Amino acid sequence: MVLDKIEKTNDIKKLSQEELRQLPGEIRRFLVEHLSETGGHLASNMGVVELTMALHLTLNLPQDKIIWDVGHQSYTHKILSGRKQAFDSLRQYGGLSGFPKTKESACDSFNTGHSSTSISAGLGLAAARDLTGDQYQVVSVIGDGALTGGMAFEALNNASKLETNFIIILNDNDMSISPNVGGMSQYLSGIRTANAYQDLKSGVMESLHKIPVYGERIVQRIRRTKSGIKQLLIPGMLFEDMGILYLGPVDGHDVEKVSAMLLKASRVNGPVLLHVITQKGRGYEPAVRNPARFHGTEPFEIETGLPKKKKRKAGYTDIFSTVMRKLGDRDEKVVAITAAMETGTGLKRFHNMFPERFFDVGIAEEHAVTFAAGLAAGGCRPVLAVYSSFLQRAYDQVLHDVCLQDLPVVFAIDRAGIVGSDGETHQGIFDISFLLPIPGITLMAPKNKWEFSDMIKFAVNFSHPIALRYPRGEAFDQLEEFRAPVEWGKSELLYEHGEVVLLAYGSMVKTALQVRESLRLKGQECAIVNLRFAKPLDTRMLRESGEKYKLMVTMEENVLSGGIGEAVSEYLDRAGISVPVLHIAVEDEFIPHGNVELLKKQVGLDADSIVEKIRKQMEQR
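The model shown is predicted, which means the values in this text are computed figures rather than measured ones.

A. Local environment of the overall build of the protein. Scanning the protein from N- to C-terminus turns up 25 helices and 17 strands. Compactness check: the protein gives a C-alpha radius of gyration of 27 Å against a globular reference of 25 Å for 621 residues, within 12% of the reference. Projected onto the principal axes, the alpha-carbon positions of the protein cover approximately 100 × 55 × 50 Å. Counting over 621 residues, the protein shows a buried share of 59%. Once local pairs closer than 6 in sequence are excluded, the contacts in the protein between residues at least 24 apart make up 75%. Counting only carbon and sulfur atoms, one obtains 51% of the accessible surface of the protein, whose full area is about 26,100 Å². A distance of 2 Å separates the average location of the 72 positive side-chain charges in the protein from that of its 77 negative side-chain charges.

Structure, rendered in structure tokens:
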């Protein structure tokens, strides 16, 4: 196999032309075989095999720098930089990351994981190169979906000032995760289909060259003209109007053509955008037919593309999908918003049923929040479904445009807590801490699937900003007998015996039950309170618990700093209630990729770790 000859960085440059022709097929087989076992981002990686080969053939790594936007499409890059032996451990604890990691390889020049950042980072590296007098190339690879992000436009605007080489590769596959939307997508579609432009350009140039004496002068004059022939033939060439030289479009699955264009781009003293057309999922038919499902996939059967796991129980996202459809039936004012995550957030059914009330704004979380604020100001009931780690990107808009105006926007915060194999950039462990300080917002989380359904209905009918956080995966289906009506700021007492009370929030109620059972086996009873609300806290319950119990244990799947535990301790302090409080939360650290249960054990959020901490605390008493 040709792939066996790739053991370290730049080995690809030693291959013959025939071997280079064989290599894409071998890489794709390698990816399908390994990801069918480990899971991972398949469709995006299958689409950039030849593009990545061209980059490795033309650049001198690790001296030259590649910044992969988001980075989930960097698997071929990892293979070609000598990491293929580690693919058995992909996205497992202590194993190969699913994203670029500077600690993993010198060929990973910048850590990525969120969208629309690569041009900004690349510009920074190019500026540092020029300031220090170094000599290396900088290439930022950004997808057409990521180009809808406002940060990408800010960077493009800034790039026009650069007077030294900087290459932006626009990997255009007409997809982000869900199909692309909006003006930029339509604009790029126009360029994709403008094959006549390339033919016309070649024909015009060829004809001009044939004109005696004056022909060559006319050609040179056109090349020197700032607007260029592209402006004459394609109205409003956006990138060149911004001062960025546009090259392409070029077939991203033709290694020789992409390599030639990269060499051409490298000779430009200024920013260059190379427009490359690729096909998401290329080489594996199930991924070609359904690229969204194979964006991030669990282990699957190669022959069919179907998941290896048996059908799982309904997840929180599934329940959200069902309830939103029902609410859409009942109330025409209910509208749904997503930032390019229609399937991931469970809004596809709502979209199908109520297309006029569904809005996919593309990868643009800041815009999504302020757009929701405008909808609320106009009398609608907007529900913005967003992953916890992506809501971080719109903090100012949550504070300034929603909460400052006290607008009834519902933030449905999916993937809250530890999410596992995507690692540091995707763990949803900060939303409680960054939302708690904002005046006027309500924060709540359900203990199980029934309470989740009730809370969605409560949130949609609430007249102020409200955030509902819920974890990834199967919905907890115990404690059905505890279904008190959801009342604003009111907790729920589940069990009340013993000297210790567990104040559990959302997903941690399930863990609290395990802790209670384990303590009972050791001869110690404990009480459990389902907090329900992180803001406002149930201060009456806190006062009564402080007087009744000898130890309070706060439990949250969030960082300790600025979280519920600190809020509880602050209240008890102000109220003059002297009771020991044990905080169960994530310490001051980022959580790597790995199995969720293993990660919880590593950070002390599993039942055994909590039991041990409680017993030590009680012994110290």
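B. Region of interest: helix α12 (residues 255–266). Here α12 spans 16 Å end to end across 12 residues, near enough to the 16 Å set by a 1.5 Å rise per residue. Those residues of α12 that fall on the buried side of the exposure criterion are Val255, Val258, Ser259, Met261, Leu262 and Ala265. Buried positions in α12, seen along its axis, are confined to an arc of 165 degrees and lie on one side of it. If you follow the buried residues of α12, they end up packed against α3 (49–58), β3 (166–172), β4 (245–251) and β5 (271–277).

C. Structural context of the packing of helix α16 (residues 365–377) against helix α18 (residues 395–403). Orientation of α16 relative to α18, taken along the N-to-C sense of each, is 10 degrees, at an axis distance of 9 Å. Relative to α18, α16 is oriented roughly parallel. Residues Glu366, Val369, Thr370 and Ala373 of α16 pack against Gln397, Val398, Asp401 and Val402 of α18. Per-class residue counts for the contact of α16 with α18 are 4 nonpolar, 2 polar and 2 charged.

Parameters at a glance
Residues numbered from 1 in each chain as written. Predicted model: local features only at pLDDT ≥ 70, side-chain atom pairs only at ≥ 80, totals over all residues. Heavy atoms only, no water. Helix = DSSP H or I, 4+ residues; strand = E, 2+ residues; numbered from the N terminus. Rg over C-alpha atoms; globule rule 2.2 N^0.38 Å. Buried < 20%, exposed > 50% of the residue type's maximum accessible area, 1.4 Å probe, protein only. Contact = heavy atoms within 4.5 Å. Areas by Shrake-Rupley, 256 points an atom, 1.4 Å probe, with all protein chains shown as cover. Lys, Arg positive; Asp, Glu negative; His and termini not counted. Charge placed at Lys NZ, Arg CZ, Asp CG, Glu CD. Expected span 1.5 Å × (residues − 1). Arc of directions from axis to C-beta. Axes fitted to C-alpha atoms, helices over the stretch in contact; angles between N-to-C directions. Parallel < 35°, antiparallel > 145°, perpendicular 65-115°, else oblique. Nonpolar A, V, L, I, M, F, W, Y, C, P; charged D, E, K, R; others polar.

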